[in-house]
Structures are given as structure tokens and as C-alpha cells.
Amino acid sequence: MLNQAPAASRLHIGLFGRRNVGKSSLINAITGQQIALVSGQPGTTTDPVYKSMEILPIGPVMFMDTAGLDDEGEVGTLRVNKTRKVMDRTDVALLVFSPQVADWSLELEWYQAFKARKIPVVGVINRIDENDVDAALFEEYFDVPFVKVSSKTGLYVDKLTEAIQTYAPVDLSGVALVGDLVNSDALVVLVAPPDKQSPKGRLKLAQVQVIRDLLDHHAMALTVTDDELPTLLASLNRRPDLVIADAQVFDKVTRVLPGDVLLTSFSMVLARFKGDLGLMVEGARTIDSLKPGDKVLIAEACTHHAMEGDIARERLPQWLSQKVGGDVSITVNTGVDFPEDLGQYKLVVHCGACMFNRRQVTTRLQKATQAGVPVTNFGVAIAYLKGVLDSSLRAFEDGHASIEKR
Ligand SMILES: Nc1nc2c(ncn2[C@@H]2O[C@H](COP(=O)(O)OP(=O)(O)OP(=O)(O)O)[C@@H](O)[C@H]2O)c(=O)[nH]1
Ligand SMILES: [Mg+2]
């Protein structure tokens, strides 16, 4: 079983609005589940309701449903105070409107409060099945993006999910890259191949980030190349708690590593951190159903000189064709532009995207998913092709870590 992401690393999405505008219905519509109690009686939601879940393509989120902002009386005031507390944990606020209600005084008040705290707000105009209105009217008063939806029919709820993703803050502070996989004082061995494609005198960015993160979590990081690994293992008086290797040298590493030592790759660590490892794993498994002649898009975030033994242009196509039992038709895409016509591909294999932020990565995942194309990344695909995917996922399993992370 793959573990749950800790609450702190989830994107906290708070729903705010007057009573009866459809906040609870909206949570149910976004999640496709009956999470929150809905009724025509204003004041149905009395206490904040929290629900953690995965939504594509955002990843792990925490929905927070609240009582109406216009709740009245003694109890009503207590409820509004509770709602105010929810604001403290909100990463993105959905300010929900119903076209029937023309008084926006409370909404303007809350909007100012969010603005003062620099919390991004997405305006939601609900119930457009009953009453369609022009979002521009709202945008005159609120300097936020508006999305019109119907929680009842589900219309445009996907647009809202997209907007949440677009306007969500990219970096949630305090999120670990690998430090949460291990205890403090853990010994982690990093295996880096001599990398022809890195500028002289540098390590890959992913390796540097992993080292920093381990140090921040009081774990020990030892870095070797694959050639030195056996010597290192022989000279240690304890087993490493985790080995993180470049996917290219997995074969070599598994040969010398005791079977019970957890091993994973830098690209899997990054996939978990930046995107959606579960999706990448699913994508890699579809390699099994590829046929000779199928089109595969290999996408690289950075432009660099293609070199001998280049992963995107030589090794990956070769390994894919070997697995498929004939040549697959490879297109290599490089840089910030991403093709629009994804539908023609049977699979997208992306690089580790060390130079991209999470939003850039998830936008691409979303495009592929929307086009119905499975997507994976170099590291996960290579692990799969080399038959070590399942074993390298063990590092993220129960008791070790959480697979879904921001
Ligand atoms: N036609 C229509 N009705 C909706 C829509 N969304 C919600 N409703 C109805 O509006 C009523 C209130 O919905 P809730 O989701 O309970 O509203 P709420 O904002 O959570 O209300 P409180 O918890 O009382 O603050 C229910 O009868 C819903 O069925 C919609 O998009 N279209
Ligand atoms: Mg409610």
C-alpha cells in the first residue's frame, strides 16, 4: 500500500461563501464523492469539514468546507469565527457566489482579508444551470479569476480544478524531497554515474537538492559513483538505510546491493516531489501494450547538446524498441514549448524536469492526461524497462514514506 501524504504537504483548499450558495455541493462535485452534507436549508454546514484526497492533476489536497459567512446570532458568530480560523491554513481560497444573491458586501470583506494575507482566491459563480451570468460583472469588483460552474450538473467543474492548479502557490514551504523517507541519523548512499552531460565540476541539480534535503533532516549522505559502490559497501560497518541511484546505473547497483536494502532513483524522488509518481508508474506500465510503429513522445525540459549515448535520443528509444520487439516511432521534443497534438502519441516520456517547477510539470501531465495519453518519466520508464520498478517503489511504501508529495 502506498502511504498518504502528510497533511502539511497537501494543498489546502478552503471554500468560503454565504449560506446555501452551494459550497458543500461544490466539494462533492469536485471530488465526485458525497463528502459534505447538502440541503436546501441555509446553515447546513455548521463546523468546518476536512477531507484529504488526491485530485488530478493537482495531487494531494485538503478540502475545507465551512459554515456560511452570513451566519447570524450568537451561534452564528461562533461559526463565522471558526471559518476565520480555516483561513489560517488556506493555500487557495474558493470564494463561492450564487447569482441570486446580489449583495456582495461580505464577499468583498473576505476578499480584502485574503488579499491582505496574500492568499490566492479563485471566484466561483455557482448554480449557472439555474441562472447564467456574466463573470465580467464580478471581475469588476474582485480582482481575481472567476469560474462559472454548476455543482448540480458538474458543468465546468473541470475548469475550476484547472484554475485552482494555475493559481495555487507553487512552493509549499517545508516540504521534504527525501528527508521524510528516512529517520534522522539514517545513512543514505547516493550513486551518481560519471555524467558526461553535466558541465564539468558540477553535480546534477537533483543530486544537490537531495543532499541538501538529507542534511536538513539530519540524515547522512554519502556520494559515490557506481564503480566505487562495492568498495564503499565493503568498508561500511552498517547497511545503508536507503540507496538513491541514477536510473541509468540501476543494473549495476542491484548486482552489488544486498536485496533488502531500499533502492530508488533520483528521478522517482523528483517525480514524487514535483508531479505525480502514481501517474508516472501507471504510464510506465503501459509500455507493455506498445506495438512496433507506435508513436512515443520523448520530452526534455532543457536544451543541451545531444551526445553519444544520449538518453532521449539513443538509449531510451533503443530500450523501448527492445522491449516492444520492434522499432517504436520516437519524436524528441526539447525546451519550454510542448506539442499541442498529443493525441497521436501512445505514450509521453518526460525527463526528470529538474529545471521545471511543480506547476510546469503538472501542466504537462494535465495536457497529456486530457489528451488521454499515458505519461511517465525517464527514471520511472527506465526502472520499468529494467524490471526494477516495483523494487524501487518499496522506498516509498508504508512505514517508509509517502508516494504522493508536493
Ligand atoms: N440548481 C442548483 N442547485 C444547487 C447547486 N449547488 C447547490 N445547489 C443546491 O443549493 C442548496 C444548498 O447547497 P449546499 O451545498 O448545502 O450549500 P452550502 O453553501 O454548503 O450551504 P451551507 O452549508 O448552509 O452554508 C441545496 O439544495 C443544493 O442542492 C447548483 O449548482 N445548481
Ligand atoms: Mg454547506
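Before reading further, recall that the structure is shown in the block above.
Presented here is a report on the structure given in the accompanying data block.

### Details of the overall build of the protein
A tally of helices and strands in the protein yields 14 helices and 14 strands. Buried residues in the protein amount to 42% of all 406 residues. Expressed as a percentage of contacts within the protein between residues at least 6 apart in sequence, the contacts between residues at least 24 apart total 74%.

### What to know about the packing of helix α10 (residues 277–285) against helix α13 (residues 378–385)
In helix packing, the relevant descriptors are the interaxial angle and the interaxial distance, both defined with respect to the helix axes. Two elements in contact, α10 and α13, have axes separated by 9 Å at closest approach and are oriented at 45°. Here α10 is positioned oblique relative to α13, judged by the angle of their axes. The two elements α10 and α13 cross, and the hand of that crossing is right-handed. In this structure, α10 contributes Met280, Val281, Ala284 and Arg285 to the contact, and α13 contributes Val380, Ala381 and Tyr384.

### Here we look at the sheet that holds strand β13 (residues 347–350)
Strand order across the open sheet formed by four strands is β12-β11-β13-β14, with parallel pairing between neighbours. The two strands at the open ends of the sheet, each matched to only one other strand, are β12 (329–334) and β14 (375–377). Sheet twist, expressed as the average angle between the axes of neighbouring strands with direction ignored, equals 25°. Two elements, strand β11 (residues 295–300) and β12, share six bridges in a ladder whose sense is parallel.

### Side note on the site of ligand 1
Inspection of the region around ligand 1 gives 24 residues, with Gly22, Ser24, Ser25, Thr45 and Lys152 positioned closest. The class makeup of the residues in the shell around ligand 1 is four nonpolar, 14 polar and six charged.

### A look at the environment of Gly379
As for its placement among the helices and strands, Gly379 is situated in helix α13. For Gly379 and Ala247, which are 132 residues apart along the polypeptide, the C-alpha to C-alpha distance reads 5.4 Å. Setting aside residues no more than four positions away along its own chain, Gly379 makes contact with Ala247, Ser265, Phe266, Ser267, Met268, Ala271 and Gly352.

### Some thoughts on the nonpolar core
One finds Val210, Val243, Ile244, Val269, Val348, Val380 and Ala381 to be the most contacted residues of the largest nonpolar core, which totals 66 residues. When residues are assigned to domains, this core turns out to be shared by domain 2 (179–269) and domain 3 (277–385), each giving three or more. Among residues more than four places away in sequence, those in contact with Val269 are Leu177, Val178, Val210, Ile244 and Thr264. Judged by nonpolar contacts, the second largest core, of 36 residues, contains Met62, Ile128, Phe146 and Val149.

### Topic: the sheet that holds strand β8 (residues 220–224)
Spatially, β8-β7-β9-β10 is the arrangement adopted by the four strands of the open sheet, whose pairing is parallel. Since the sheet does not close on itself, it has two edges, and those belong to β8 and β10 (263–265), each with one partner. Averaged over all adjacent pairs, the angle separating strand axes in this sheet is 25°, with direction ignored. With four bridges connecting them, strand β7 (residues 187–191) and strand β9 (residues 242–245) associate as parallel partners.

### Quick word on the packing of helix α11 (residues 311–324) against α13
Running from N to C, α11 and α13 point in directions that differ by 35°, and their axes come no closer than 10 Å. α13 is crossed by α11, and the crossing has left-handed handedness. Residues Ile311, Leu316, Trp319 and Lys323 of α11 pack against Phe378, Ala381 and Leu385 of α13. Classifying every residue of the contact of α11 with α13 gives six nonpolar, no polar and one charged.

### Observations regarding unusual backbone geometry
Unusually for a residue other than glycine, Asn20 sits at a positive phi of about 70°. For Asn20, a count of 22 C-beta atoms within 10 Å gives the class buried. Unusually for a residue other than glycine, His218 sits at a positive phi of about 60°. When you line up the elements, His218 lands in the loop between α6 (205–216) and β8. With 12 C-beta atoms packed within 10 Å, His218 lands in the exposed category.

### Structural notes on the environment of Trp110
Position of Trp110 among the secondary structure elements: in helix α3 (residues 105–116). Along the primary structure Trp110 and Leu69 are separated by 41 residues, whereas in three dimensions their C-alpha atoms are 8.8 Å apart. The contacts of Trp110, once residues within four sequence positions are left out, are Phe16, Leu69 and Leu95.

The rules behind each value
Every chain is numbered independently, its residues counted from 1 as its sequence is written. Note on labels: chains are lettered from A, ligands numbered from 1, in written order. Reporting of local features is limited, given that this is a predicted model, to residues whose pLDDT is at least 70; pairs of side-chain atoms are given and counted only at 80 or more, and all residues count toward the totals for whole chains, interfaces and linings. Runs of E in the DSSP output that reach at least two residues are strands. Runs of H or I that reach at least four are helices, and both are numbered from the N terminus. Residues are called buried when their C-beta atom has 20 or more other C-beta atoms within 10 Å, exposed when it has 12 or fewer, and partly exposed otherwise; all C-beta atoms are positioned from the backbone. We call two residues in contact whenever the C-beta atoms placed from their backbones are within 7 Å. Axis definition: a line fitted to C-alpha atoms, limited for helices to the stretch in contact. Angles are taken between N-to-C directions and run from 0 to 180 degrees. By the definition adopted for this analysis, an angle is roughly parallel if under 35 degrees, roughly antiparallel if over 145, roughly perpendicular if from 65 to 115, and oblique otherwise. Should the near helix be turned anticlockwise from the far one by less than a right angle, the crossing is left-handed, and should it be turned clockwise, the crossing is right-handed. One requirement defines pairing of two strands: DSSP has to find at least two bridges between them. The criterion for a residue being near a molecule or strand is simple: its C-beta atom, placed using the backbone, must lie within 6 Å of it. Side-chain classes follow a simple rule in which Ala, Val, Leu, Ile, Met, Phe, Trp, Tyr, Cys and Pro form the nonpolar group, Asp, Glu, Lys and Arg form the charged group, and the remainder, Gly included, forms the polar group. By definition, a nonpolar core groups buried Ala, Val, Leu, Ile, Met, Phe, Trp, Tyr and Cys residues that are joined through C-beta atoms within 7 Å. As used throughout, domain bounds are those supplied by an automatic or database domain assignment.

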